[in-house]
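What follows is the residue order along each chain.
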Amino acid sequence: MTSFNRSTSRRLKKLIQIPSIWEGDRRPLSSPVSSRDSQESQGECILWVDGSQGIVRGMDMVSPDLGPEAIVRTLMRAMEHPHSPAKPARPQRIVVKDREIQFYLRGVLQDLDIAIDYAPELPLIDELFRSFADIVDSQIPNLPPQYAKILNEKAFAVWEAAPWDFLEEQQILSIEINKWDVGTLYVSVMGMLGMEYGVLLYRSEESLKRFRADILEDEESEQGLEAAFLKQDCLFLTFDQVDEDEDEDLADLPLSEIEPTFGNIHPLEGLRSILYEEEALVVFVALESLIRFIRDYRHQLYEEDFPPINRRYRISLPHPDETTKSVSVTVSTMPELAAELEEMAGFDFSDEDELDEDTEIRTLRDDLIPEDSFLSLGVISWEMLNSLRQEVNYHAGQEIQPVGDGLPVILIQTSRPKAKTVIENIQAAGGLKAICFNPGANPLDGERYDLGLLQTKNGDLFLFGEFPEDDPTHVEAKKKWNQRCQQTNGYCGLIIAKGLTGAARGNPGLKDMMALFEARSLSTQDLGIGTLQLMPQLEFE
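Nothing here was measured: the structure is a model prediction, and the numbers come from that model. (Residues numbered from 1 in each chain as written. Predicted model: local features only at pLDDT ≥ 70, side-chain atom pairs only at ≥ 80, totals over all residues. Heavy atoms only, no water.)

### Observations regarding the overall build of the chain
Then comes step 1: Each helix and strand counted, the chain has 13 helices and 23 strands in total.
Then comes step 2: When the 541 residues of the chain are sorted by exposure, 48% land in the buried category.
Then comes step 3: Across the chain, contacts joining residues at least 24 apart in sequence account for 68% of those joining residues at least 6 apart. (Helix = DSSP H or I, 4+ residues; strand = E, 2+ residues; numbered from the N terminus. Buried < 20%, exposed > 50% of the residue type's maximum accessible area, 1.4 Å probe, protein only. Contact = heavy atoms within 4.5 Å.)

Structure below.
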């Protein structure tokens with residue numbers, strides 16, 4: 001048995017001994033209506049009270065896994081650093097209602113001249129724990145108990161569907177419900193920038209527009225942003241990281257590290273992370289219809305233009321009553337509203353920016369691919385190609401005949417926000433036209449390289465990799481690349497993927513792939529720009 005060291009015993013014996021009887025116990029403190037099996041809801045409370053004076057001297061919440069040492073630690077604080085108004089002291093007598101605790105304390109405290117007794121009842125502690133239980137039970141759960149499980153299931157289904165992969169915040173969907181005093185909800189999806197992930201369900205189009213206008217007006221003012229945030233009228237689902245000590249893109253984390261939060265924002269109520277019964281029903285119907293809509297129109301929503309789509313669904317309620325067993329809803333895209341919000345934000349998509357894909361090469365740039373990206377030359381099977389065409393941001397080339405073992409591809413893997421930026425920059429340049437390799441040289445050290453280049457349809461060349469000319473790994477990969485491109489008649493592809501820092505690094509799955517650009521493979525002769533030489537930068541003092 002662990003006991004105090006001699007110096008600790010001497011220190012505790014110097015405390016004045018008062019003629020008091022202290023009660024001590026350790027009990028579970030949890031609520032039966034907890035919506036999640038969290039560690040916090042399964043904690044135990046250690047309590048030490050002075051029965052003679054009727055005051056609490058020490059209290060701690062601990063994990064049930066901790067041993068009997070925990071009750072001693074709380075007792076030491078109760079003696080040396082008690083809660084106010086108590087003064088440091090040690091008791092004459094301690095009473096507990098657990099025989100194991102009694103025997104344990106007798107061994108640990110044997111040098112402190114404290115009597116350790118057993119009693120089947122501890123009136124003061126019993127009353128305190130009853131009060132704690134009443135407080136816990138009276139707390140309103142974050143979700144109505146009957147809807148907690150199914151709402152969390154729908155939240156994770158939304159996470160798996162990842163609508164932020166193809167819907168920007170201004171690309172609004174409407175969900176017409178006409179039930180529970182709710183007419184139409186206006187859905188804004190957050191997450192394409194890889195910062196905050198969630199779904200906002202605005203109760204009116206006016207509230208959505210007003211919020212957009214307010215944040216554009218006060219985007220430099222923290223107080224202005226907070227005021228605009230609290231003026232929203234919406235229900236919400238957001239996703240957070242379970243371990244907030246880490247700072248990672250949620251999209252790179254496993255599902256076990258993701259935690260959904262539901263709530264409501266209203267100008268008169270402010271923010272609350274609680275849904276009441278009718279609100280929970282509304283959110284359930286909205287999420288279920290959103291999930292079905294994404295499943296049915298995912299490929300169309302990936303297209304660059306926000307298409308007009310309208311679909312009716314009948315949603316069965318999880319706890320139907322005699323009068324209402326299901327609800328008919330209509331989900332629609334709102335291209336006109338999206339265009340209005342884009343104009344409000346100052347986006348410019350004028351026809352003057354459209355470029356002819358036959359534009360000649362204008363410049364060589366190295367600002368497209370992030371420096372820390374993972375890069376590989378490989379191949380994807382024809383079955384995988386068909387899946388990618390259905391699931392990701394897909395940019396088609398000409399008809400490709402499935403010859404050979406698959407489509408040769410360049411894979412570039414980076415973080416989700418950076419991948420999103422790469423995709424947008426390629427799209428802004430008119431799309432991807434060709435992938436090629438070209439010789440390069442450094443005249444200062446005589447090193448020669450094989451430069452991987454991406455040619456966009458506006459004629460720009462972007463450097464995606466520098467490979468030493470004599471690197472055997474690259475030589476072999478380049479040889480296979482050329483052979484596969486010959487089999488496909490020059491067709492190849494570029495895959496942009498997320499998950500650089502997660503378990504999928506170097507081997508992204510379908511879920512991690514964000515875009516596929518089909519292109520042509522160009523030879524050095526086809527490119528016709530000769531050997532590219534590194535130009536030394538001059539330094540001046």
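### A short note on the sheet that holds strand β4 (residues 90-96)
Sheet strands associate in pairs through backbone hydrogen bonding, adopting either a parallel or an antiparallel arrangement.
Then comes step 1: Pairing is mixed across the open sheet formed by five strands, whose spatial order is β3-β2-β1-β4-β5. Every interior strand has two partners, whereas the edge strands, β3 (55-62) and β5 (115-118), have only one. For this sheet the average axis-to-axis angle between neighbouring strands, irrespective of direction, equals 20°.
Then comes step 2: Here seven bridges tie strand β2 (residues 44-50) to β3, and the two strands are oriented antiparallel to one another. When the sheet's bridge partners are listed, Leu47 is paired in β3 with Met59.
Then comes step 3: Of the strands in this sheet, β2, β4 and β5 touch helix α3 (residues 99-108), which is tilted by about 170° from β5. (Pairing = 2+ DSSP bridges. Axes fitted to C-alpha atoms, helices over the stretch in contact; angles between N-to-C directions.)

### Description of the packing of aromatic side chains
Then comes step 1: Tallying each qualifying case throughout the model produces nine aromatic pairs.
Then comes step 2: Here Trp159 and Trp164 contribute two aromatic rings whose centre-to-centre distance is 5.3 Å and whose plane-to-plane angle is 50°, an arrangement assigned as tilted.
Then comes step 3: Classification of Trp159 by relative accessible area gives buried; the value is 7%.
Then comes step 4: Aromatic pair Phe437 and Trp481: ring centres 6.1 Å apart, planes at 75°, arrangement edge-to-face. Linking Phe437 in strand β18 (residues 432-441) with Trp481 in helix α12 (residues 472-487), this pair joins segments that are 44 residues apart in sequence. Each member of the pair, Phe437 as well as Trp481, carries the same accessibility label: buried.
Then comes step 5: Ring-pair connections join several aromatic residues into one group, and the members of that group are Trp159, Trp164, Tyr197 and Phe239.
Then comes step 6: In this arrangement the basic side chain of Arg99 is found over the ring face of Tyr118, its NZ or CZ atom lying 3.7 Å from the centre.
Then comes step 7: Residue placement shows Arg520 over the ring face of Tyr491; its charged tip is 4.3 Å from the ring centre. (Phe/Tyr/Trp six-rings, centres within 6.5 Å; stacked < 30°, edge-to-face > 60°. Lys NZ or Arg CZ within 6 Å of the ring centre and 35° of its normal.)

### Here's the deal with the sheet that holds strand β8 (residues 197-202)
Then comes step 1: The eight strands are arranged β11-β10-β9-β8-β7-β6-β13-β12 in an open sheet whose pairing can be described as antiparallel. The sheet is open, and its two edges are formed by β11 (270-272) and β12 (310-316), each paired on a single side. Taken over all neighbouring pairs, the strand axes of this sheet differ in orientation by 25° on average, direction set aside.
Then comes step 2: Relative to strand β9 (residues 234-241), β8 runs antiparallel, the two sharing six bridges. The residue of β9 that forms the bridge with Tyr197 is Phe239.

### Regarding the nonpolar core
Then comes step 1: Residues Leu151, Ile177, Phe239 and Phe262 are the most contacted members of the largest nonpolar core, which totals 70 residues.
Then comes step 2: Counting residues per element, this core draws most heavily on helix α8 (residues 277-301), at 14 residues.
Then comes step 3: When near neighbours in sequence (up to four residues on either side) are disregarded, Leu151 contacts Leu143, Phe262, Leu275, Ala280, Val283 and Phe284.
Then comes step 4: In this structure, Ile18, Met79, Val96 and Ile116 belong to the second largest nonpolar core, which totals 26 residues. (Core = buried A, V, L, I, M, F, W, Y, C linked by side-chain atoms within 4.5 Å.)

### What to know about the pattern of salt bridges
Then comes step 1: All chains considered together, the criterion is met by 31 salt bridges.
Then comes step 2: Among the salt bridges present, the one from Arg26 reaches Glu44, with a minimum N-O distance of 2.6 Å. Here Arg26, found in strand β1 (residues 17-28), pairs with Glu44, found in strand β2; they are 18 residues apart in sequence, far enough to count as distant. Like Arg26, the residue Glu44 is buried in the burial classification.
Then comes step 3: Salt bridges sharing partners connect three or more residues here, namely Arg203, Asp233, Glu269, Arg272 and Glu279. (Salt bridge = Lys/Arg side-chain N within 4 Å of Asp/Glu carboxyl O.)

### Some thoughts on the packing of helix α5 (residues 145-161) against α8
Then comes step 1: Orientation of α5 relative to α8, taken along the N-to-C sense of each, is 30°, at an axis distance of 10 Å. Regarding the angle of α5 to α8, the classification is roughly parallel. Our pair here, α5 against α8, has a crossing hand that is left-handed. Between α5, through Gln146, Tyr147, Ile150, Leu151, Lys154, Ala155, Ala157, Val158 and Ala161, and α8, the contact on the second element is made entirely by Glu277, Ala280, Leu281, Val283, Phe284, Leu287, Glu288, Ile291, Ile294 and Arg298. (Parallel < 35°, antiparallel > 145°, perpendicular 65-115°, else oblique. Left-handed = near helix turned anticlockwise from the far one by under 90°.)

### Looking at unusual backbone geometry
Among all residues except glycine, the phi angle is most often negative; among peptide bonds, the trans geometry is most common.
Then comes step 1: At the junction of Ser84 and Pro85, the peptide bond is cis and its omega measures out at 10° in the coordinates.
Then comes step 2: Residue placement: Pro85 occurs in the loop between α2 (69-80) and β4.
Then comes step 3: Non-glycine residue Asn178 carries a positive phi angle of around 55°.
Then comes step 4: Here Asn178 falls in the exposed class, since its relative accessible area comes to 52%.
Then comes step 5: A positive phi angle, near 60°, is found at Asp181, a position not held by glycine.

### Focus on the environment of Tyr147
Then comes step 1: The residue Tyr147 is located in helix α5 in this model.
Then comes step 2: With relative accessibility at 3%, the residue Tyr147 sits in the buried group.
Then comes step 3: Remark: the alpha-carbon pair of Tyr147 and Phe284, spanning 137 residues in sequence, is separated by 8.5 Å.
Then comes step 4: Filtering out sequence-adjacent residues up to four positions away, Tyr147 remains in contact with Glu277, Ala280, Leu281, Pro318 and His319.

### Topic: the side chain of Arg27
Then comes step 1: Looking at the secondary structure, you find Arg27 in strand β1.
Then comes step 2: On the accessibility criterion, Arg27 (16% relative accessible area) is buried.
Then comes step 3: Looking at Arg27, its side chain comes within polar contact range of the side chain of Asp25, at 2.6 Å.
Then comes step 4: Of the polar contacts made by the side chain of Arg27, one reaches the side chain of Asp126; its length is 2.5 Å.
Then comes step 5: Apart from residues lying up to four places away in sequence, Arg27 is in contact with Glu44, Cys45, Lys97, Ile125, Asp126 and Phe129. (Polar contact = N/O pair within 3.5 Å; in protein donor to acceptor, adjacent residues only side chain to side chain.)

### Quick word on the confidence of the model for the chain
Then comes step 1: With 88% of its residues at a pLDDT of 70 or more, the chain has an overall mean of 84.
Then comes step 2: Contacts of residues 31-41 to residues separated by more than four positions or lying in other chains number 14 contacts, the stretch itself having pLDDT below 50.
Then comes step 3: Segment residues 348-362: pLDDT under 50, and 22 contacts once partners within four positions in sequence are set aside and those in other chains are kept. (pLDDT = per-residue confidence, 0-100.)

### Side note on the packing of α2 against α3
Then comes step 1: At a closest axis distance of 11 Å, the pairing of α2 and α3 adopts a crossing angle of 60°. Taken together, α2 and α3 sit at an angle that is classed as oblique. Where α2 crosses over α3, the two elements pack in a sense that is right-handed. Judged by residue contacts, Glu69, Ile71 and Val72 of α2 engage Ile101, Tyr104, Leu105 and Val108 from α3.
Then comes step 2: Looking at the contact of α2 with α3, its residues break down into six nonpolar, no polar and one charged. (Nonpolar A, V, L, I, M, F, W, Y, C, P; charged D, E, K, R; others polar.)

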